[in-house]
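Spelled out from the first residue to the last, the chains are:
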Amino acid sequence: MKNLLILITFLTCNQVFCQEIYSGVFQQTEAKLLYREAINWDVLTGTNDSLASAGYRLIDLESYRSGKERLFTGIWSESNLKSEIESVLGWPEFIKRKRARASDGYLMDEIESYAVSEEEFYYIGVWYKSPTIHKVWKLDSQEGIKQKTEEMAKQEFFLIDVEAINTPGKVIQFLALYHKGEVNEPRSYVFVSNSLKIFNTDLLQRTKSGYRLLDYEKFEEAGESFYLGVYRRGDYETVLLRDQDKESFNALWEGKEKEGLRLVDLEINLLPKATQ
């Protein structure tokens, strides 16, 4: 529940103060969810092991930097499937690990990444036992995501998670995770825009057409803000709360929970503030 989320409003980031800006996808669900925020890697892995033993699976992972420390926020859902988390340095090593885990019967359900230099990245996979086939791609453009999603849909692979990686040189890379579906199973779609008005209009139209927002990303590229949504057909209610400070987000979150909506996807962006 919401009161399990640690409340931290401001973080020190490099030599400026950074305010956390929150966005989240809320979904109509009866599942019990637990949240942990602003924890380091060791606490994250320990928490995941503990919650896995208690019958919870990690369904969403968000990472951000606070000064010199890397922090994580996770959402766990009640499940009889136990999730495992692994962090690997470097894309070639990560792909080797992905193939080994898939051979052992594990499915990657969530992917996260962050840069430690312009050339080095950590890649984090969240896994659970499943025979479902999956593929993950590293792409260097928004058009690449759209084209790859169309290509994969023809093979019945559906996009479930996108991660926009900010590099030290301000170049954006994208990770796209696809799961194999059944023939004629409703496919997923991705939409990206640098216009919030256009993104909101598209979101409304897709919702009216029976599609639901699964994943939301906001990122900066060439000095512009971009908004990315992953959609799939569904008959449940979803709501996107976007660009809120912590106090406002928590207040709105509490209201959504009273309406039977639960936070299932969290996006945290850091907004630098001038030093006082």
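These figures come from a predicted structure and were not determined experimentally.

**Here's the deal with the overall build of the protein chain**
Each helix and strand counted, the protein chain has 5 helices and 16 strands in total. Relative to the compact-globule value of 19 Å for 276 residues, the protein chain shows a C-alpha radius of gyration of 18 Å, a close match. With the C-alpha coordinates aligned to their principal axes, the bounding extent of the protein chain is approximately 55 × 45 × 40 Å. Residue burial in the protein chain is summarised as follows: out of 276 residues, 53% are buried. Contacts spanning at least 24 positions in sequence make up 71% of the contacts within the protein chain whose residues lie at least 6 apart. Surface exposure of the protein chain reaches about 13400 Å², of which carbon and sulfur atoms provide 48%.

**Points about the pattern of salt bridges**
Here the structure, examined in full by the defined rule, presents 15 salt bridges. Two residues, lysine 180 and glutamate 156, come together in a salt bridge whose shortest N-O distance is 4.0 Å. Taken together, the positions of lysine 180 in strand E11 (residues 172-180) and glutamate 156 in the loop between helix H3 (142-153) and strand E10 (157-166) put the pair 24 residues apart, joining distant regions of the chain. Of the charged contacts in the structure, one is a salt bridge between arginine 206 and aspartate 202, with a shortest N-O distance of 2.6 Å. A residue pair is termed a helical-turn pair when its members lie 3 or 4 positions apart in one helix, as arginine 206 and aspartate 202 do in helix H4 (residues 196-208) at 4 residues. Aspartate 202 sits in the buried class, given a relative accessible area of 11%.

**Re the environment of aspartate 161**
Positionally, aspartate 161 belongs in strand E10. Separated by 77 residues in sequence, aspartate 161 and glutamate 84 place their C-alpha atoms 17 Å apart. The contact partners of aspartate 161, leaving out residues within four places of it in the chain, are Glu110, Ile111, Leu175, Ala176, Leu177 and Asp215. At 3.1 Å, the side chain of aspartate 161 forms a polar contact with the backbone nitrogen of isoleucine 111.

**Some points on the confidence of the model for the protein chain**
The share of residues in the protein chain with pLDDT of 70 or more is 92%, and the mean pLDDT across the chain is 90. Overall, residues 3-16 carries pLDDT values under 50, and its contacts beyond four positions in sequence, including any with other chains, amount to 40 contacts.

**A closer look at the side chain of serine 83**
As for its position among the elements, serine 83 is in the loop between strand E5 (69-78) and strand E6 (84-89). According to the relative accessible area criterion, serine 83 is buried, its value standing at 3%. A distance of 3.0 Å separates the side chain of serine 83 from the backbone nitrogen of leucine 58, its partner in a polar contact. If near-sequence neighbours (up to four positions away) are discounted, serine 83 is found in contact with Asn48, Ala52, Arg57, Leu58, Val126, Trp127 and Tyr128.

The rules behind each value
- Residues numbered from 1 in each chain as written.
- Predicted model: local features only at pLDDT ≥ 70, side-chain atom pairs only at ≥ 80, totals over all residues.
- Heavy atoms only, no water.
- Helix = DSSP H or I, 4+ residues; strand = E, 2+ residues; numbered from the N terminus.
- Rg over C-alpha atoms; globule rule 2.2 N^0.38 Å.
- Buried < 20%, exposed > 50% of the residue type's maximum accessible area, 1.4 Å probe, protein only.
- Contact = heavy atoms within 4.5 Å.
- Areas by Shrake-Rupley, 256 points an atom, 1.4 Å probe, with all protein chains shown as cover.
- Salt bridge = Lys/Arg side-chain N within 4 Å of Asp/Glu carboxyl O.
- Polar contact = N/O pair within 3.5 Å; in protein donor to acceptor, adjacent residues only side chain to side chain.
- pLDDT = per-residue confidence, 0-100.

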